[in-house]
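Coordinates in review
So you can see what is in the structure, the chains are spelled out below.
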Amino acid sequence: TSLDVSKIYGKGPIRVDASNNQLKTMLGTASVYFEVLDISHNQFTTFDLPAQSDLTWADLSYNSLTSVLNANSNNLGGLTGLQYLDLSHNSIPTIGSAASIGEPVGGNQPILQALFLGCNPKFECGSLQLDGQSMALQKSNCADYNPQSQKWIVLTNPLCPAGAQGVREASHAR
C-alpha cells in the first residue's frame, strides 16, 4: 500500500498523520515540506527523511525500517529544525552522527530534544556521537545513568524496555 503526498498543496509546511495503516511506501516526499510527520505503525522498510528545516516532529516507530537516510546524507544534520524523532521498534543500524542537532551550540539549547531508539537491536549507539549530557541521548535508550559515578554511560545498543516487544508484536498482528 502506498501514499502519494505530492498532490498536497498549501501555504507553508504541512502536518501528515498516516499512522496505523499498512503503508509500505510514501511517494512525493521531495515536493512537500513537512512540519509534522507520523507514519508510525506501518510496514515501511526504508524511508528517506527529507532534509528540511521545517520538520520539527517525526514518528517513524513500529515499522520494519532498516534506513531513514537518503543517498545524499549520512546523518541528520540537514534536519535543522527537528526537535522530536521516534525511530523505536525498527531494525535501523545507524542514523549517523546527531551531534550537529543534538548537542548545545554556543550555550543554546540543542535543537533535538527527544530521540527514541529503543528496540532497534542492531543500532550502534556510539554512531550518534553524542555525549552523556545530551538530553536526546538520555531519552534515546542508548544511555544508562550510573548513580555511583553520577554520569550517563553510552551503551553499545539501545535498550528495549520490558514489555515493549510484546506491544510491537501486537501492533503488527492487525
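Please refer to the structure higher up on the page.
Before going further, it helps to spend a moment on the pairing of strand β9 (residues 151–154). As judged from the four bridges shared by strand β8 (residues 143–146) and β9, these two strands associate in the antiparallel manner. Looking at the pairing, Asp144 lines up with Ile153 of β9.

For the rest of this paragraph, the subject is unusual backbone geometry. The phi torsion at His41 lies on the positive side, around 60°, for a residue other than glycine. Within the fold, His41 resides in the loop between β4 (34–38) and β5 (57–59).

This part is about the state of the cysteines. If you walk through the whole model with that rule in mind, you get two disulfides. Through a disulfide, Cys119 is tied to Cys160; the S-S separation comes to 1.9 Å. Here the disulfide of Cys119 and Cys160 is right-handed, its torsion about the S-S bond being about 85°. One end of the pair, Cys119, is in the loop between β7 (114–116) and α2 (135–139); the other, Cys160, is in the loop between β9 and α3 (164–172), and 41 residues separate them in sequence. For Cys119, a relative accessible area of 7% translates into the label buried. You can call Cys160 partly exposed: its relative accessible area is 35%. For Cys125, the disulfide goes to Cys142, at an S-S distance of 2.2 Å. One disulfide, between Cys125 and Cys142, carries an S-S torsion of -70° and so falls in the left-handed class. Residue Cys125 is located in the loop between β7 and α2, and its partner Cys142 is located in the loop between α2 and β8; the two are separated by 17 residues in the primary sequence. Considered together, Cys125 and Cys142 belong to a single accessibility category, that of buried residues.

Rules used throughout
Residues numbered from 1 in each chain as written. Predicted model: local features only at pLDDT ≥ 70, side-chain atom pairs only at ≥ 80, totals over all residues. Heavy atoms only, no water. Pairing = 2+ DSSP bridges. Helix = DSSP H or I, 4+ residues; strand = E, 2+ residues; numbered from the N terminus. Disulfide = S-S within 2.5 Å. Buried < 20%, exposed > 50% of the residue type's maximum accessible area, 1.4 Å probe, protein only.

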